[in-house]
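Reading the structure
Given next are the chains, with one letter for each unit.
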There are 2 protein chains.
Amino acid sequence: MSSAELIAKKARIAGNILKTLSDEQRSSILYKIHDSLEKNAKLIETANKLDLEVARGSNLSESLIKRLDLFKGDKFATMLQGIIDVAKLADPVGKVLLARELDEGLTLYKITAPVGVLLVIFESRPEVIANITALSIKSGNAAILKGGKESVNTFREMSKIINDTIAANFATTGVPIGAVQLIETRQDVSDLLSQDQYIDLVVPRGSNSLVRNIKLNTKIPVLGHADGICSIYIDGEADLVKAKKITVDAKTNYPAGCNAMETLLINPKLNNWWEVLTNLNENGVCLHVTPEVKQEYLKHNPKGNVLDCDESKDFDKEFLSLDCAVKFVNSVQEAVQHINTHSSKHTDCIVTENEKNAEFFLKGVDSSGVYWNCSTRFADGFRYGFGTEVGISTSKIHARGPVGLDGLVTYQYQIRGTGQIAGDYLGAGGNRSFIHKDLDIKDIKL
Amino acid sequence: MSSAELIAKKARIAGNILKTLSDEQRSSILYKIHDSLEKNAKLIETANKLDLEVARGSNLSESLIKRLDLFKGDKFATMLQGIIDVAKLADPVGKVLLARELDEGLTLYKITAPVGVLLVIFESRPEVIANITALSIKSGNAAILKGGKESVNTFREMSKIINDTIAANFATTGVPIGAVQLIETRQDVSDLLSQDQYIDLVVPRGSNSLVRNIKLNTKIPVLGHADGICSIYIDGEADLVKAKKITVDAKTNYPAGCNAMETLLINPKLNNWWEVLTNLNENGVCLHVTPEVKQEYLKHNPKGNVLDCDESKDFDKEFLSLDCAVKFVNSVQEAVQHINTHSSKHTDCIVTENEKNAEFFLKGVDSSGVYWNCSTRFADGFRYGFGTEVGISTSKIHARGPVGLDGLVTYQYQIRGTGQIAGDYLGAGGNRSFIHKDLDIKDIKL
């Protein structure tokens, strides 16, 4: 058995055990982990300093080095608090989604259940290990973690503390060894991507190329997104004040974010539409415009900061900078068609006061987030009230959009009977009919 | 552009339009299709007779030829009624799953939306084309269909009638040409499996080898199951009457069904446990038993019909016949461990009067259906009250178990705002807090 198979199988066994534990058991180990990490802060800080030294000796950018530093400001305390926050969330496992009486004494329940085994791959920020550990244990999943090599010493130290805590508390919490495993090499990742027999979901958190590469190399479902090409459509009946405010926030609040605006579609029927572009220019945005937009915009603002856009590429591009592609569309239908052809199915927005156009947009756009009159930057687990976020999913199967604990559970159908057999019922040889009476979920206690 | 790409792109465009239609529009075309198929019954019958002639001239089995015959008994009428039944089901699109006030005038909704484009591959039964057409249009999805080559003339005739009806009613219903496309060759299927840019979900309905082959050859998510290895565990505290009744039904009611019992786990602590085996033997079942079971069973029933099981294979096997693998387990824990290792995650059952053991089993088994005291044969869309069924899914991501209309929709997050920007809120530069107040879904009308 290969090393990857051993790791995956160990995780599978741990997942099978985690699945049977109560919320109290799963949460109690998180408090213990919190305490151990707090108590061993000095050890972690020493390891983190070693990583920082190595990083400073290499040619890593200053911003990357900053992300490695776990003891900058209140980062460590925030990380610890995050574990407690997750422990306190409502149990995502065992929630009743449907309850239906099939016949007297025969009841069907659709209830949430852990996904099973997660393979989580992330980049340099060392605090992520605590976050992912908390999320996966809380949701009853076993996790195999691979962090960026720049934080290897910090990860190794934290992982040791976490695993020692799990082992020491097994007798009281029931959370098994193997619930969280750290792997260190790229070869391990690559070998694990073929363990679809044991691993249920891969969660890559990192650059577009990391995600794209993983999607190409595994049969296991991947939760995440490569590109975030978000568009805003300014309708002919938009409120100009809202349009200006929303586009500047969506582009400039955090240009490197996956929920930042990359494409601006403008309906030239809007009075004074060019003020939206002038306003973006004044806020430092460079506009990549089509010839039509260029001609009209420069008439109104001869000093406008524009570049000729490459129409074959710029509308399929995530700039991740203060750049934005701009074109005219003549109707909400045309806007929806453009977005469904070019967007990465992340988050798209219409700015309009016309309710009919808004409803058409909300219904017609095939993205995980469809917004009316607000910034695309709201696509975020914290802003949605999910407490914490595993990632943002642009896949249409299973979790979409910001994914919190709910995205780490699937469901099972339970039937609770009293000896019934199919052969007694219509369709399988008998003549008994089903009742199929839906019960009120609120009244169900399982 | 390849022929497969053209087909897939046409479906994508049709799907984008279907997504914006109302339930009334989507359902109205189903009534029209029903009427056209009824009116043109003679044409369909002629085509079907041609298929039957070809089949009789080949070496097809009599049971397969029977399945091709669309005009046997009330099959055609039942098929037509099925279209109306689907049209009358509640709209699966636009259902509100979550409604949360983020702030005054800024509300988040999680609502169901069509998956997009389905590629459905099925075998010989010609009535399936009507069923799939109804299900996909009702759920707002475009569908590309490939039926078995034995029914090619029937499919071609029905597909022509369906498409003519869609074209003739476009002006009134809005359902676009391209909503349902029929493809005829295996090469087309194989080319379409690489169109992951346009196709969202593959639904294979057919043999294990068909499903397995498709899963190996596409990056598109596949909804379905290859094997149905269902187990029943007879606990030490089982009611013997229920145990006998349930095991016979699960094994003999329809042995070729994917929800039939293939493995029987018996706790020998149960008084008179061998009666379960005698009863199965008396109902024609051949038991493939371990040496321990053989020794004990033959002591009590020397005439028992048993074969020595091959432990390395028989517990991972779908017999699809009146055969069943049998072994002893000494606890519910051991039963769960066996099932999580060997089952195909379809449907598994515990027979017991001990509530604690039952709850452990229901929580511990990682399959799409987990049953207590009833036959595994209940794993079926009709029996669950889903009206009709696209298939049974053993995948853990997205749809699990019997999949009805709900499995053909995913969800989107809508935000309806009044000009809000992220930069005004905590975490993105501002100091405004979110309200995150959940609203009662029942009160929401969108």
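These notes cover the structure that comes with them.

Basis of the calculations
- Residues numbered from 1 in each chain as written.
- Chains lettered and ligands numbered in written order.
- Predicted model: local features only at pLDDT ≥ 70, side-chain atom pairs only at ≥ 80, totals over all residues.
- Heavy atoms only, no water.
- Contact = heavy atoms within 4.5 Å.
- Buried area = accessible area lost by both parts, 1.4 Å probe.
- Salt bridge = Lys/Arg side-chain N within 4 Å of Asp/Glu carboxyl O.
- Least-squares fit on C-alpha atoms with pLDDT ≥ 70 in both.
- Pairing = 2+ DSSP bridges.
- Helix = DSSP H or I, 4+ residues; strand = E, 2+ residues; numbered from the N terminus.
- Axes fitted to C-alpha atoms, helices over the stretch in contact; angles between N-to-C directions.
- Phe/Tyr/Trp six-rings, centres within 6.5 Å; stacked < 30°, edge-to-face > 60°.
- Buried < 20%, exposed > 50% of the residue type's maximum accessible area, 1.4 Å probe, protein only.
- Parallel < 35°, antiparallel > 145°, perpendicular 65-115°, else oblique.
- Nonpolar A, V, L, I, M, F, W, Y, C, P; charged D, E, K, R; others polar.

**Concerning the interface of chain B and chain A**
Counting from both sides, the interface comprises 78 residues of chain B and, opposite them, 78 residues of chain A. Buried area between chain B and chain A, summed over both chains or domains, comes out near 6,700 Å², and the portion from carbon and sulfur atoms is 54%. In terms of surface lost to chain A, no three residues of chain B exceed K363, I397 and Y413 of chain B, which account for 10% of the buried area on that side. Where chain B touches chain A, the interface holds six salt bridges.

**Looking at the relation of the copies chain B and chain A**
Mapping chain B onto chain A leaves a residual RMSD of 0.1 Å; the transformation is a rotation of 180° accompanied by 0.0 Å of translation along its axis. Such a combination of turn and shift is consistent with a two-fold rotation axis. The position closest to the rotation axis in chain B is occupied by the C-alpha of H398 of chain B, lying 2.1 Å away. Here 100% of the contact residues of chain B are again contact residues in chain A; the copies associate through an equivalent surface.

**What to know about the sheet that holds strand β4 (residues 142-146) of chain A**
Residue and element names in this part refer to chain A. As summarised here, the arrangement of the four strands in space is β5-β4-β3-β6, forming an open sheet in which the pairing is parallel. Strands at the two margins of the open sheet, each flanked by one partner only, are β5 (180-183) and β6 (201-205). Within the sheet, the average angular offset between the axes of one strand and its neighbour, ignoring direction, is 20°. Here strand β3 (residues 117-122) runs beside β4; their pairing, made up of five bridges, is parallel. Counterpart to L119 in the pairing with β4 is I144. Along the sheet, helix α10 (residues 208-216) contacts β3 and β6; its crossing angle with β6, the most-contacted strand, is approximately 160°.

**Some remarks on the pattern of salt bridges**
Inspection of the entire model under this criterion finds 47 salt bridges over all chains. Between K49 of chain A and E45 of chain A there is a salt bridge whose closest N-O contact spans 4.0 Å. You can see K49 of chain A and its partner E45 of chain A sitting in helix α3 (residues 41-57), four residues apart, about one turn around the helix. For the salt bridge of R416 of chain B with E359 of chain A, the shortest nitrogen-to-oxygen distance reads 2.9 Å. One end of the pair, R416 of chain B, is in strand β16 (residues 409-420); the other, E359 of chain A, is in helix α15 (residues 355-364), on a second chain. In the salt-bridge network here, residues are joined through shared partners; they are R12 and D200 of chain A together with K345, D366 and K396 of chain B.

**With respect to the sheet that holds strand β17 (residues 437-438) of chain B**
Pairing within the open sheet is mixed, and its eleven strands lie in the order β10(A)-β9(A)-β11(A)-β8(A)-β7(A)-β12(A)-β13(A)-β16(B)-β2(B)-β1(B)-β17(B). Either end of the sheet is taken by a strand with one partner, and the two such strands are β10 (306-308) of chain A together with β17 of chain B. Relative to strand β8 (residues 261-266) of chain A, helix α14 (residues 332-342) of chain A is tilted by about 155°, and along the sheet it contacts β7 (230-234), β8, β11 (323-328) and β12 (347-351) of chain A. On the sheet, α15 of chain A packs against β7, β12 and β13 (369-374) of chain A together with β16 of chain B and is oriented at approximately 155° with respect to β13 of chain A.

**Digging into the packing of aromatic side chains**
Summed over all chains, the structure comprises 24 aromatic pairs over all chains. Note on F122 of chain A and F155 of chain A: the rings are 5.4 Å apart at their centroids and 80° apart in plane angle, and the pair reads as edge-to-face. You can see F122 of chain A sitting in strand β3 and its partner F155 of chain A sitting in helix α7 (residues 152-168), a full 33 residues away along the chain. For F122 of chain A, a relative accessible area of 4% translates into the label buried. Judged by relative accessible area, which is 2%, F155 of chain A ranks as buried. Judged by centre distance (5.5 Å) and plane angle (75°), the ring pair of Y425 of chain A and F378 of chain B falls under edge-to-face. Here F378 of chain B lies in the loop between β13 (369-374) and α16 (381-384) and Y425 of chain A lies in the loop between β16 (409-420) and β17 (437-438), a pairing that spans two chains.

**Quick word on the packing of helix α12 (residues 274-282) of chain B against helix α13 (residues 291-300) of chain B**
In helix packing, the relevant descriptors are the interaxial angle and the interaxial distance, both defined with respect to the helix axes. Residue and element names in this part refer to chain B. Running from N to C, α12 and α13 point in directions that differ by 80°, and their axes come no closer than 10 Å. Considering the angle they form, α12 stands roughly perpendicular to α13. Between α12, through W274, L277, T278 and N281, and α13, the contact on the second element is made entirely by V293, Y297 and H300. Per-class residue counts for the contact of α12 with α13 are four nonpolar, three polar and no charged.

The values are spatial; any link to function lies outside them.
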